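Single-letter residue listing:
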Amino acid sequence: MPAFARAPEAPRHPDNAIEIEGLTKVYRPSAGQGAKTALEDVSLTIPRGGFFALLGPNGAGKSTLINIMAGLVLKTTGTVRIWGHDIDREDRQARCAIGIVPQELNLDPFFTPRELLEVQAGMYGVPKRERRTLEILDAVGLADKADAYARTLSGGMRRRLLVAKAMVHTPPILVLDEPTAGVDIELRQQLWSYVKDLNARGTTILLTTHYLEEAETLCDRTAIIHRGTVAACDTTRNLLGRLDCKTLIVTVDGGPLSDPLPAPLAALEAMVRGPDQVEVRYKPSETTVGAVLDAFRAADLDIRDLVTEETDLEDIFLQLTRDGVGATAAA
Ligand SMILES: Nc1ncnc2c1ncn2[C@@H]1O[C@H](COP(=O)(O)OP(=O)(O)OP(=O)(O)O)[C@@H](O)[C@H]1O
């Protein structure tokens, strides 16, 4: 098994991989711009071994949060503990516990993947005999490119090289900041299979992505950041269950349907969707599917087919990040 896919050897096993309490970041005024509050009283807990999604519209504060964890941006107030290490008091240990795959493909074009990983391992003080450069490159499918200049690698290869670089010191936490932006579907799936494998072997994953589907299928917990605050933080399943709205598309026999619809359906605010199709939106907290179907019977309509449209993370995201909504944190 390659070192890359091995469960990380952490000195301790805290319950939570990351603990953030009351984190605020105010950027100082500069170049005619006033002070900017990028994060305001953010509290988040990321359990050890989890696969955690951090979602938010552009400018929500995700990069600021990640850069504070990486030691690249200084926080204004609050505490951040990474693998139990406070970033103020144990910054070296905190930094060693985390590997960050940045958004930008910022690789030195004149280095080869082998050289890049060796330099990175040196920076983290990994002794030469403990380095597993080729094993890691193999795990990300780049062993045959070990000695090619980084500038000759495709975008997807560079992205995988960044993942490899973040893993040279075998951190127990891997943070991926928009890792699949601009990566084609095949490589994206390849990347996810590595990352899922890492997670299955114990690495905690924190992912920011614009692809809500990725968060929905990969992540067990999701936090939504909006204007520097936590708008929601819950298991992805609970978040999906939170939107109190379901849609039924019902096809009936013997159309075309009358418009307006018969009274029992009009009472449900059902809408005609086609010559023989009706759409009914209802709140599961107030109405049951049975009551909806009863309305069709009461209207003397025979149901031929019935489809439910499920709520997805995008619906939740849009609801929480719409202006004026979402400030009610459930973190
Ligand atoms: N160095 C800086 N100086 C001043 N303001 C900044 C600085 N960096 C970020 N900001 C501001 O802080 C806010 C949060 O930015 P941040 O980059 O953290 O958001 P983001 O959620 O990562 O967005 P994106 O998805 O576009 O990367 C934005 O309003 C941004 O303009």
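The structure presented is a predicted model; accordingly, all values stated were derived computationally and were not measured.

1. Things to note about the pattern of salt bridges
Then, number 1: As enumerated under the stated definition, the model contains 13 salt bridges in all.
Then, number 2: The partner of R81 in a salt bridge is E21, with the nearest N and O atoms 2.8 Å apart. With R81 in strand 4 (residues 77-82) and E21 in strand 1 (residues 16-27), this pair connects stretches of sequence that are 60 residues apart.
Then, number 3: The class of E21 is partly exposed, set by a relative accessible area of 42%.
Then, number 4: For R89, the salt bridge goes to D86, with nearest N and O atoms at 3.5 Å.
Then, number 5: On the basis of relative accessibility, which here comes to 66%, the residue R89 falls in the exposed class.
Then, number 6: Salt bridges sharing partners connect three or more residues here, namely E19, E21 and R81.

2. Section: the side chain of E279
Then, number 1: Structurally, E279 is set in strand 13 (residues 277-282).
Then, number 2: Given a relative accessible area of 11%, E279 falls into the buried group.
Then, number 3: Of the polar contacts made by the side chain of E279, one reaches the side chain of R281; its length is 3.4 Å.
Then, number 4: In contact with E279, other than residues within four places in its own chain, are T247, L248, I249, A270, M271 and R273.

3. Considering the domain arrangement of the protein
Then, number 1: When the domains of the protein are assigned, the result is domain 1 (12-97 + 172-241 + 312-331), domain 2 (106-170) and domain 3 (244-310).
Then, number 2: On a C-alpha basis, the centroid separation for the pair domain 1 and domain 3 is 40 Å.

So, how was this worked out
Residues numbered from 1 in each chain as written. Predicted model: local features only at pLDDT ≥ 70, side-chain atom pairs only at ≥ 80, totals over all residues. Heavy atoms only, no water. Salt bridge = Lys/Arg side-chain N within 4 Å of Asp/Glu carboxyl O. Helix = DSSP H or I, 4+ residues; strand = E, 2+ residues; numbered from the N terminus. Buried < 20%, exposed > 50% of the residue type's maximum accessible area, 1.4 Å probe, protein only. Polar contact = N/O pair within 3.5 Å; in protein donor to acceptor, adjacent residues only side chain to side chain. Contact = heavy atoms within 4.5 Å. Domains from an automatic or database assignment.

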